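Architecture at a glance
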Amino acid sequence: MKKLHLIHGSESRVVILALLLFVVAFFHFAIPTKPHTYHTLHIVLRKLYFLPPVIAGAWFGLRGAVYTTSAVTVFFSLHAFLDWPGNYMEQANQLGELVSFWVVGLVPGWLFDRQRALLAELATAHEETLLALVSALDMRAKTSRLHSLRVREYALRLADHLGVTEKERKAIGFGALLHDVGKVAIHDSVFTLLKRIGLPEKELKEMRAYPEEGYNLLRKIGFLREAAEIVRAHREHFDGSGYPRGLKGEEIPVGARMLLIADTFETLVTGTGAVECEEAVRMIRGGSGREFDPKLVDLFAGIGCDELKRVTSAMVE
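Residues numbered from 1 in each chain as written. Predicted model: local features only at pLDDT ≥ 70, side-chain atom pairs only at ≥ 80, totals over all residues. Heavy atoms only, no water.

Once that is clear, we can look at the overall build of the protein. Assigned secondary structure in the protein consists of 14 helices and 0 strands. Sequence-ordered secondary structure for the protein, helices as α and strands as β, is α-α-α-α-α-α-α-α-α-α-α-α-α-α. Out of the 317 residues belonging to the protein, those deemed buried represent 40%. When contacts within the protein are restricted to residue pairs at least 6 apart in sequence, long-range pairs at least 24 apart make up 65% of them. Here the protein has roughly 17,400 Å² of accessible surface; of this, 63% comes from carbon and sulfur atoms. (Helix = DSSP H or I, 4+ residues; strand = E, 2+ residues; numbered from the N terminus. Buried < 20%, exposed > 50% of the residue type's maximum accessible area, 1.4 Å probe, protein only. Contact = heavy atoms within 4.5 Å. Areas by Shrake-Rupley, 256 points an atom, 1.4 Å probe, with all protein chains shown as cover.)

Let us look at the state of the cysteines. Among covalent bonds in proteins, the disulfide is the one between the sulfur atoms of two cysteines. All told, the structure shown has 1 disulfide when counted by the stated rule. Note on cysteine connectivity: Cys277 is disulfide-linked to Cys305, with sulfurs 2.1 Å apart. Disulfide Cys277-Cys305: the torsion about the S-S bond is -90°, which places it as left-handed. You can see Cys277 sitting in helix α12 (residues 277-286) and its partner Cys305 sitting in helix α14 (residues 305-314), a full 28 residues away along the chain. (Disulfide = S-S within 2.5 Å.)

Ile172, Ile261, Phe265, Ile284, Phe300 and Leu308 are the most contacted members of the largest nonpolar core, which has 35 residues in total. Per element, the largest residue contribution to this core is 9 residues, and it comes from helix α11 (residues 254-270). Ignoring any residue separated from it by four or fewer positions in sequence, one finds Ile284 in contact with Ile261, Thr264, Phe265, Leu268, Phe292, Val297 and Phe300. Listed in part, the 14 residues of the second largest apolar core include Leu130, Val134, Leu149 and Leu218. (Core = buried A, V, L, I, M, F, W, Y, C linked by side-chain atoms within 4.5 Å.)

A separate point is the packing of α12 against helix α13 (residues 294-303). Packing of α12 against α13 leaves a shortest axis separation of 10 Å and a crossing angle of 170°. Between α12 and α13, the angle is such that the two are roughly antiparallel. On α13, the residues touching Val281, Ile284 and Arg285 of α12 are Val297, Asp298, Phe300 and Ala301. In terms of residue class, the contact of α12 with α13 is built from 5 nonpolar, no polar and 2 charged. (Axes fitted to C-alpha atoms, helices over the stretch in contact; angles between N-to-C directions. Parallel < 35°, antiparallel > 145°, perpendicular 65-115°, else oblique. Nonpolar A, V, L, I, M, F, W, Y, C, P; charged D, E, K, R; others polar.)

Okay, unusual backbone geometry next. For the bond from Tyr243 to Pro244, the omega torsion is 15°, close enough to zero to count as cis. Along the chain, the position of Pro244 falls in the loop between α10 (225-233) and α11.

Scanning the model with the defined rule gives 16 salt bridges in all. The partner of Glu153 in a salt bridge is Arg157, with the nearest N and O atoms 3.2 Å apart. One end of the pair, Glu153, and the other, Arg157, are both in helix α5 (residues 147-162), 4 residues apart, so they sit about a helical turn from each other. By relative accessible area, Glu153 is classed as buried at 19%. (Salt bridge = Lys/Arg side-chain N within 4 Å of Asp/Glu carboxyl O.)

A few words on a nonpolar patch on the surface. A contiguous nonpolar patch, built from Leu62, Val99, Val103, Val107, Trp110 and Leu111 and spanning about 530 Å² of accessible area, is present on the exposed surface. No other element matches helix α4 (residues 88-141), which puts 5 residues into the nonpolar patch. Tracing the chain through its elements places Leu111 in helix α4. Residue class for Leu111 comes out partly exposed when judged on its relative accessible area of 42%. (Patch = residues over 30% accessible without salt bridge, like charges linked within 9 Å, V, L, I, M, F, W, Y side chains within 5 Å.)

What follows is about the packing of aromatic side chains. Going through the model one piece at a time under the given rule, you end up with 10 aromatic pairs. Summarising the aromatic geometry, the rings of Phe22 and Phe26 are spaced 6.3 Å apart at their centres and angled 25° between planes, so their arrangement reads as stacked. Remark: Phe26 and Phe22 occur in helix α1 (residues 2-30); sequence separation between them is 4 residues, near one turn of the helix. Accessibility expressed as a relative area gives 46% for Phe26, which makes it partly exposed. For the ring pair Phe174 and Phe223, a centre distance of 5.5 Å and an interplane angle of 75° mean the geometry is edge-to-face. Here Phe174 is found in helix α6 (residues 166-177), whereas its partner Phe223 is found in the loop between α9 (210-218) and α10, with 49 residues between them in sequence. We classify Phe223 as partly exposed; its relative accessible area is 42%. Pairwise contacts between aromatic rings join Tyr49, Phe50, Phe76 and Phe101 into one cluster. Here the basic side chain of Arg232 rests over the ring of Tyr215, its NZ or CZ set 4.1 Å away from the ring centre. (Phe/Tyr/Trp six-rings, centres within 6.5 Å; stacked < 30°, edge-to-face > 60°. Lys NZ or Arg CZ within 6 Å of the ring centre and 35° of its normal.)

Regarding α13, the residues found buried are Leu296, Val297, Phe300 and Ile303. Summarising the axial view, the buried residues of α13 lie within an arc of 110°, below the 170-degree limit, and thus occupy one face. Those residues of α13 that are exposed and angled more than 90 degrees off the buried face are Lys295 and Gly302. Buried residues along α13 sit against α5, α11, α12 and α14. The N-cap of α13, judged by a side-chain oxygen 3.0 Å from the amide nitrogen of Lys295 a few residues on, is Asp293. A positive backbone phi angle near 95° is found at Gly304, which sits one or two residues after α13. (Arc of directions from axis to C-beta. Polar contact = N/O pair within 3.5 Å; in protein donor to acceptor, adjacent residues only side chain to side chain.)

Right, dumping it as structure tokens:
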């Protein structure tokens with residue numbers, strides 16, 4: 001699904017570029033160079049040939065700029081061949097324009113590729129930092145350092161089968177990765193009690209505050225604001241019995257509804273008293289309509305245990 005959204009977006013841009021080039025070329029060929037008024041308009045239309053290479057460079061990088069500028073060169077050269085001016089100054093002007101098409105196409109294309117590479121490196125550095133912090137948090141709160149990574153993979157599998165936008169997918173991924181970040185505000189003694197005997201009422205109340213604490217931490221970071229809303233609501237139940245705000249049904253962000261299923265499944269198959277995938281899916285089905293969104297439960301079950309098991313087996317301690 002992720003690839004599908006990217007393909008559709010690229011296809012739309014290709015169509016826009018093709019239409020723009022066709023319109024410019026059509027009027028360039030259709031409008032005569034004489035009399036003088038038409039010649040002036042003709043020169044203006046030639047300048048519009050600069051637009052497709054620049055746009056292609058900004059949208060697709062160097063490769064897209066090369067392809068588009070090549071198409072512009074073909075149209076421009078064909079017209080020049082059919083209506084080559086006798087004036088040497090005009091001939092030089094057209095040759096200069098032809099060279100300029102390549103300059104204005106290749107330079108932004110190269111800059112776009114360079115910027116994209118730098119942004120990818122920065123995003124990788126951010127994610128690696130988050131992964132290290134999350135692994136440390138998982139070791140503190142749980143027995144596995146891979147809990148949040150697995151939860152992210154399960155949530156993204158579900159998101160891909162639902163068919164969310166790329167922006168929503170990123171928010172879901174970050175939300176799943178950071179869903180337990182609010183637990184940094186919880187005292188170590190609470191985790192000690194949780195692992196040994198369970199939580200008394202006071203400590204239970206403190207533990208249930210962690211989604212809100214996570215939200216307060218993440219909402220201050222620009223690229224994590226959408227993820228913050230998912231983190232805040234990921235312990236809400238479909239029937240309104242969850243926490244921290246008691247949201248119900250569609251009031252809960254869809255990413256948070258996915259995350260609850262993914263988090264529950266990961267805990268069932270890898271936590272204390274772990275069960276097989278098929279049993280975990282059956283138990284989640286048992287909570288359909290209460291804890292979990294029924295439509296998402298059906299979608300998650302439809303993924304199949306073969307695919308879900310590959311996530312677990314791919315991430316070994």
